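Structural characterization, general
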Amino acid sequence: MSALSDKSKYVGQMEGSVAATLAGLTLATGMEQWTGNGLSVTLTDLTGALGASADEASWAVTVYSTAFAVSVALTHRLASYFGNRRLLSLACILYAVAALGCAASTDLALFLLCRVFQGFAGGVFLARTLVFITHQYPRSERPSSLRTYAGGFFVVGRIVAPIASGWFADAVSWRLLFLVTVPGMLVAAAILRRYAADHWRDDVEEHNPDLLGIGLLLVGAGALQAAMSRGEIDDWFGSNRIILLVSIGVAFNLLFAAWQCLPFNHRPLLNLHFLRDRGLMSASVLGIALGMQLAGGLYVLPQYLRRVESHSATQTGLLMSVAGLSAVAMLAIVPLLVKAAGHVGAKQIMAFALFVQMLAMGWLGYIVTGDTPDRQLWIPLLLHGIFIGISVPMLAIGAFARMEDSHASSARAIYYGARQLGASLGVTLVVVLIDRRAMLHSSRLIDGLFSRDLSTLGVTIDSTNAGRVAALVSRQALVLTFADVFNVMAALAAVMLLFLPLLPSAAAPVASERVTETVSGQSLLPGLESNA
């Protein structure tokens, strides 16, 4: 009896540690999402305080995404070297310190440096959490744990953060957005330091680092990030500096990929051979486009509301939370989506999500004006949230359904690294479109204005009204510009449809895991076993 009691006590302690670790990871990811989603609402406010232009303010998003992607690529090796307990708690502390630096910044350079450190720390949480769930929960319990985790940080990041950060910017200061994350990250660090295990089953690899691979990745990613940041200012390929940076970035990234695949590299940073798996390969390609949609939408929607609709930060946050509500609602039905994917296929579910995104962005492109009523924006924002809530989990399911659990760490690093690369590209694309299309539309409107005989309309332009006319032209040019951007986002969703056939028709589970997928003789993934 004593032995059974001790065993039950030990099992209970282990289950408690697992639950506490998931809570700590959810809190840490929630704080990371808080900053990213809140910052999108307050970018307009920090430009003046940091002496930055709108283009330069976008660097706060792109440098973060690049650092995040590099961190994801390094994280599975860092976890093996330091252990999950130490790595996660240190990442929380680094994020908190960087948040203090962002809040205290008085110039753009220091702010961007702190954002780089935040990105490097933030990249640890998402990938390691999903590896943790894969290794610490039986397959039958993973959907509920994933729903708890994703629901927690989505509520914080997609619903609470936009509203709270908008109110901070209007009533106090945008700097409070960063200060709020400090105690949250310190609490998460304490929880993870106390309860997280050093290693999670099969995620231990050799400690010897791939120093050459790390160097090639850092140089390649850094060069491309510098090119994306300075490209629009330096006229892209009209500048020798941009040509050099792009050449270095492409060359070093190709060398990185080649080095990872060479047979005598016994400790690759990323095992790119996993891309031979059709699910991971296709999901990584689609993940780049998905990252462009997620980050591009998160950047352009607040920019439209603040710059064209002249909304306050609080009003903008309230509208952005509408999309968050529908995204959380979709996450609540993830088990139903998994069952639907088992019957009709993940690519069909993804196609539905992309059609919803096309409708949302096309709708916005059609209805935007200089004073579109907020109530007309609710439906497309709800649709955009539905797209997020369906596409994010479903593409991940397509990526890893065929993957061995023991390969989860490296495979997730590949997929989420690709998605964060797409995030940087998406924000850069939106910034370029806004600049180029605003200039084009302004020129056309001015040409059209002065090509007409205004006297026949009883209109004259003189020193008394020239400023007002210029402001009206600029505002109308922005309306047309954002309509173009929304239409491009819809077109990008349509292009993603063309790549859906790359996804496997049915995500047949790997043979070594079939036993764990069956409880009481019933498959947990109905419709997939028959296609194995």
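What you see is a predicted model, and the numbers here were worked out from it, not measured in a lab.

Over the atoms rolls a probe the size of a water molecule, and in doing so it shows where empty space is left. This model, assessed by the stated rule, comprises 4 cavities of 30 Å³ or more. Here the largest cavity is characterised by a volume of approximately 80 Å³. The wall of the largest cavity is formed by Asp55, Ser58, Trp59, Thr62, Met228, Ser229, Glu232, Ile233, Trp236, Thr428, Val431 and Val432. When contributions to the lining of the largest cavity are tallied by element, the ones reaching two or more residues are helix H3 (59–82), helix H9 (211–230) and helix H16 (408–450). By residue class, the composition of the lining of the largest cavity is 6 nonpolar, 4 polar and 2 charged. Approximately 40 Å³ is the volume found for the second largest cavity. Lining the second largest cavity are Asn37, Ser40, Val41, Arg158, Pro162, Leu298 and Met320. Its residues placed into classes, the lining of the second largest cavity shows 4 nonpolar, 2 polar and 1 charged.

Further remarks concern the packing of aromatic side chains. The description of an aromatic ring pair uses the distance of the two centres, along with the angle that the planes make with each other. In this structure the tally under the stated criterion is 13 aromatic pairs. On the basis of an interplanar angle of 65 degrees and a centroid distance of 5.9 Å, the ring pair of Trp167 and Phe168 is categorised as edge-to-face. Classification of Trp167 by relative accessible area gives partly exposed; the value is 46%. Here the aromatic residues Phe111, Trp174 and Phe178 are joined through ring pairs into a cluster of three or more. Of note, Arg194 hangs over the ring of Tyr195, and the distance from its end group to the ring centre comes to 4.8 Å.

So, about the confidence of the model for the chain. Overall, the predicted model of the chain reaches an average pLDDT of 81, with 85% of residues at or above 70. Confidence drops under a pLDDT of 50 for residues 1–13, and excluding neighbours within four residues, the segment shows 0 contacts in the predicted structure. In this model, residues 507–532 is a region of pLDDT below 50 whose contacts with residues beyond four sequence positions or in other chains number 44 contacts.

Right, let's get into the pattern of salt bridges. Within the structure shown, the criterion is met by 3 salt bridges. Asp45 is paired through a salt bridge with Arg306; the nearest N and O atoms lie 2.8 Å apart. With Asp45 in helix H1 (residues 2–50) and Arg306 in helix H11 (residues 278–307), the pair connects residues that are 261 residues apart, well separated along the chain. Using a relative accessible area of 23% as the deciding quantity, one classes Asp45 as partly exposed. For Arg306, a relative accessible area of 14% gives the class buried. Its salt-bridge partner being Asp484, residue Arg437 comes within 2.9 Å of it at the nearest N-O pair. Here Asp484 lies in helix H17 (residues 466–499) and Arg437 lies in helix H16, a separation of 47 residues in the sequence.

Let's shift gears to the layout of surface pockets. The calculated volume of the second largest pocket comes to roughly 770 Å³. As for the second largest pocket, its lining consists of 33 residues, of which Leu217, Asn253, Gly417, Ala418 and Leu421 are closest to the centre. Of all the elements in the fold, those that place two or more residues in the lining of the second largest pocket are H3, H9, helix H10 (240–261), H11 and H16. The dominant element in the lining of the second largest pocket, judged by the number of residues it contributes, is H16, at 9 residues. Split into classes, the residues belonging to the lining of the second largest pocket amount to 23 nonpolar, 10 polar and no charged.

Ranked by internal contacts, the top residues of the largest apolar core, which has 148 residues, are Phe111, Phe178, Tyr415 and Phe486. With near-sequence residues (within four places) excluded, Phe111 lies in contact with Leu39, Leu46, Leu50, Ala60, Cys102, Ser105, Trp174 and Phe178. If you look at the next biggest cluster of nonpolar residues, it comprises 7 residues, including Ala223, Trp236, Leu245 and Val246.

Turning next to a nonpolar patch on the surface. The grouping of Met281, Val285, Val495, Leu498, Phe499 and Leu502 at the surface amounts to a nonpolar patch, some 490 Å² of accessible area in total. Only H11 and H17 provide two or more residues apiece to the nonpolar patch. Broken down by element, the nonpolar patch gets its largest block of residues, 3 residues, from H17. With relative accessibility at 31%, the residue Met281 sits in the partly exposed group.

Cut-off values and rules
Residues numbered from 1 in each chain as written. Predicted model: local features only at pLDDT ≥ 70, side-chain atom pairs only at ≥ 80, totals over all residues. Heavy atoms only, no water. 1 Å grid on protein atoms, 1.4 Å probe; cavity = no way out; pocket = protein on both sides within 12 Å on 5 of 7 lines; lining within 4 Å. Points joined across faces, edges and corners; volume = space filled by probe spheres on them. Helix = DSSP H or I, 4+ residues; strand = E, 2+ residues; numbered from the N terminus. Nonpolar A, V, L, I, M, F, W, Y, C, P; charged D, E, K, R; others polar. Phe/Tyr/Trp six-rings, centres within 6.5 Å; stacked < 30°, edge-to-face > 60°. Buried < 20%, exposed > 50% of the residue type's maximum accessible area, 1.4 Å probe, protein only. Lys NZ or Arg CZ within 6 Å of the ring centre and 35° of its normal. pLDDT = per-residue confidence, 0-100. Contact = heavy atoms within 4.5 Å. Salt bridge = Lys/Arg side-chain N within 4 Å of Asp/Glu carboxyl O. Core = buried A, V, L, I, M, F, W, Y, C linked by side-chain atoms within 4.5 Å. Patch = residues over 30% accessible without salt bridge, like charges linked within 9 Å, V, L, I, M, F, W, Y side chains within 5 Å. Areas by Shrake-Rupley, 256 points an atom, 1.4 Å probe, with all protein chains shown as cover.

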